[in-house]
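Chain by chain, the residues:
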Amino acid sequence: MPELVEVRTEGMVLNMGPQHPSTHGVLRLLLRLDGEVIKSCTPVIGYLHRGMEKLAEHRTYVQYPAIIDRFEYLTAMFTGVLYAMCAERIAGIEVPPRAIWMRTLMLELNRIASHLFWLGTYLLDLGANGLLFYAMRDRELILNLFEEVCGARLLYSYACVGGVRFDNPPSFERHVREFLKIFLDRIRDYESIVTENPVFLERVQEVGCYSPELALQYAVSGPPLRSTGIRKDLRKDQPYLAYDQVDFAVPIGTKGDTLDRYLLRMAEMRESLKIVEQCLDRLPDGNIRVKLPNVVKIPAGEAYLALESPRGEVGAYMVANGTDKCYRLKLRCPSFNHVQFLPVILLGERISDVMAIFGSLDVILPEVDR
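All of these numbers come straight from a predicted model, not from anything done at the bench.

Caption draft 1: Main features of the environment of L124. Among the secondary structure elements, L124 is positioned in helix α4 (residues 97-125). Distance from L124 to E213, taken between C-alpha atoms, is 31 Å for residues 89 residues apart in sequence. Those residues within four positions of L124 in sequence are excluded, and the remaining contacts are N129 and L132.

What follows is the structure, encoded as C-alpha cells:
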C-alpha cells in the first residue's frame, strides 16, 4: 500500500503590472492567489501624478482649457466643454445656440472615437491583434474631422468660456456625412467579426458579473453601470447642451458581465451616429461664442457640473472668487471609481480572466492619478 504524503499548499502573491502589457504601463494589481483563483486584489496607482487640479489655481480661464484636455486625453472634448460650462454656470453666461449644437456634435464624435480606441485595445488585450488596425483606421476618420475644425488630433482646446473657439469650415458637414455612411457599415463588420466569434464569446460570457446594487454602492457609472440593467444616462436624466432636443436611446444590459459591456458600447456608437446626424440637420447659423473681455473674470460663486462621458460620469466642482483664475477645482472621474471596484468584482475570478474584466471597464489611468 503506497505511503500517504501530506501535501501543503501556499498562496501566491503576484504583481500584475505595471510592466504587464494590458495594464499599459501605469497600473499595478497586487493579486493574492490560491492556485488560479483570486483571493484579493489591491490596485496600486500613483505613477502619473501631475497636479491637474492645483494647476487650475495658477492658470487663467483662457489658459487652463489647454491643460484640462490632458486630464483624459481620449475624450479631450468632454473635459474642455465641462470646464467651460462650469464657469458659464457660475457667471450666468448664455452660450449661442450654434455653439451649443456644435459642442453636442463634437462630443458624440469624440464618444465614437473613444469607443473605437477601447474596442481595438480590448481585443488586443484578449489576444486578437487584427481588429486594432480596423478600429484605429476608423478612428482616424474622426480625428481627421477634428483636425479640420481646430487643427489638432488629440488635444483640441476647442471649447472656451462662452462658446467654442473655431467655427466649422465649409467642407466639414460634407465630410461628416460621408463618415456617417461609411461607419454604419463598419459597425456591421465589427459585429460579424467579434460579436459572432465563438472564441470571443467564450472569453467574455458570464465573466465579471456583478449586481446593480453593488454597482450603485461603488458609484459605478456609464456602460459598466448600464450593463446591469440600470438605465442611467446624464444626457437623459439631467439634459445639457442639445440632448433634450435630439432623439436617441439608452441601451442597457441584463447580466452585468463583460459581454454586456461590449454590446453596450457597440450600441452606443450607433446611437451617437443618430445624434450627430440630427446635429448636422438642425445646426443653426449665428455666432459661435459670446463676446467677452480679453481677461475673463468669473464672479464669486461655485458650481458642480457632470457630463456623460464614454466612461461614465465625469464632473467638475469649481469655486470662483471674482478673479481671472478659479479659486478651487475638483474633478470627478469615472475611472477612479471603476479601479476601486476591481477588488470586489475580481474576488473569486480566475487569473486568466483579469484582463478581460479589467479591460471591459474601460479605465484610463491618467484621469485616476491626475
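Caption draft 2: Looking closely at the packing of α4 against helix α11 (residues 258-282). Where α4 meets α11, the axes come as close as 9 Å, and the angle between the chain directions of the two elements is 150°. Classified by the angle their axes make, α4 and α11 are roughly antiparallel. Taken as a pair, α4 and α11 cross one another with a handedness that is left-handed. In terms of residue class, the contact of α4 with α11 is built from 16 nonpolar, five polar and five charged.

Caption draft 3: Fine view of the pairing of strand β2 (residues 28-34). Residues of β2 alternate between two faces, with L29, L31 and L33 buried on one and R28, L30, R32 and D34 left unburied on the opposite face. Of the strand pairs in this sheet, strand β1 (residues 12-16) and β2 are connected by five bridges, and their pairing is antiparallel. Within the sheet, the bridge partner assigned to M16 lies in β2 and is L29. Where β2 and strand β3 (residues 37-44) come together, seven bridges link them in antiparallel fashion. Looking at β3, one finds that L30 is bridged to T42. Taking the residues between adjacent antiparallel strands as the criterion, β2 and β3 are bridged by two residues, where G35 takes a positive phi near 70°.

Caption draft 4: A look at the sheet that holds strand β7 (residues 312-320). Strand order in this open sheet of three strands is β6-β7-β8, and the pairing throughout is antiparallel. Of all strands in the sheet, those bounded by a partner on one side alone are β6 (301-309) and β8 (326-332). Strand-to-strand twist of the sheet, defined as the mean angle between neighbouring strand axes without regard to direction, takes the value 15°. Relative to β7, β6 runs antiparallel, the two being bridged by nine bridges. Bridge pairing links A303 to M318 in β7. The sheet contacts of helix α3 (residues 76-91) involve β6, β7 and β8, and relative to β6 the element is tilted by about 150°.

Caption draft 5: Summary view of α11. The terminal C-alpha atoms of α11 lie 36 Å apart, and with 25 residues this matches the ideal 36 Å at 1.5 Å per residue to within 8%. With 18 of 25 residues buried, α11 is to be regarded as a mostly interior element.

Caption draft 6: How the structure looks around the environment of Y156. Position of Y156 among the secondary structure elements: in the loop between α5 (130-150) and β4 (159-160). Taking the relative accessible area as the measure of exposure, Y156 reaches 5% and is therefore buried. When the C-alpha positions of Y156 and L263 are compared, they lie 29 Å apart, and in sequence the two are 107 residues distant. With residues near it in sequence (within four places) discarded, Y156 still touches D69, A76, M77, N110, L143, F146, C150 and F166.

Caption draft 7: Here's a closer look at the environment of M136. In this fold, M136 is placed in helix α5. Its relative accessible area of 22% is what places M136 among the partly exposed residues. When the C-alpha atoms of M136 and C326 are compared, they prove to be 37 Å apart, with 190 residues separating the residues in sequence. If sequence neighbours within four positions are ignored, M136 has contacts with L116 and F117.

Caption draft 8: A look at the packing of α5 against helix α6 (residues 172-195). The N-to-C vectors of α5 and α6 enclose an angle of 165°; their axes lie 11 Å apart at closest approach. Judged by the angle between their axes, α5 and α6 are roughly antiparallel. In this structure, α5 crosses over α6, and the sense of that crossing is left-handed. Of α6, the residues touching α5 (which contributes L131, Y134, A135, R137, D138, L141, I142, L145, E148 and V149) are F172, H175, V176, F179, I182, F183, R186, Y190, I193 and V194. A per-class count over the contact of α5 with α6 returns 15 nonpolar, one polar and four charged.

Caption draft 9: Spatial organisation of the pattern of salt bridges. Inspection of every chain in the model, using the stated rule, returns 26 salt bridges. Across the pair R226 and E268 runs a salt bridge whose closest N-O atoms are separated by 2.6 Å. Highlighted residues: R226 in helix α9 (residues 223-226) and E268 in helix α11, separated in sequence by 42 residues. By the burial criterion, R226 is buried, and E268 matches it. Between E308 and R226 there is a salt bridge, and its shortest N-O distance comes to 3.0 Å. Within this pair, whereas E308 is found in strand β6, its partner R226 is found in helix α9, the two being separated by 82 residues in sequence. Side by side, E308 and R226 carry an identical accessibility label, which is buried. When salt bridges that share partners are traced, they join E108, R111, R226, D233, R235, E268 and E308 into one network.

Scoring rules and cut-offs
- Residues numbered from 1 in each chain as written.
- Predicted model: local features only at pLDDT ≥ 70, side-chain atom pairs only at ≥ 80, totals over all residues.
- Heavy atoms only, no water.
- Helix = DSSP H or I, 4+ residues; strand = E, 2+ residues; numbered from the N terminus.
- Contact = heavy atoms within 4.5 Å.
- Axes fitted to C-alpha atoms, helices over the stretch in contact; angles between N-to-C directions.
- Parallel < 35°, antiparallel > 145°, perpendicular 65-115°, else oblique.
- Left-handed = near helix turned anticlockwise from the far one by under 90°.
- Nonpolar A, V, L, I, M, F, W, Y, C, P; charged D, E, K, R; others polar.
- Buried < 20%, exposed > 50% of the residue type's maximum accessible area, 1.4 Å probe, protein only.
- Pairing = 2+ DSSP bridges.
- Expected span 1.5 Å × (residues − 1).
- Salt bridge = Lys/Arg side-chain N within 4 Å of Asp/Glu carboxyl O.

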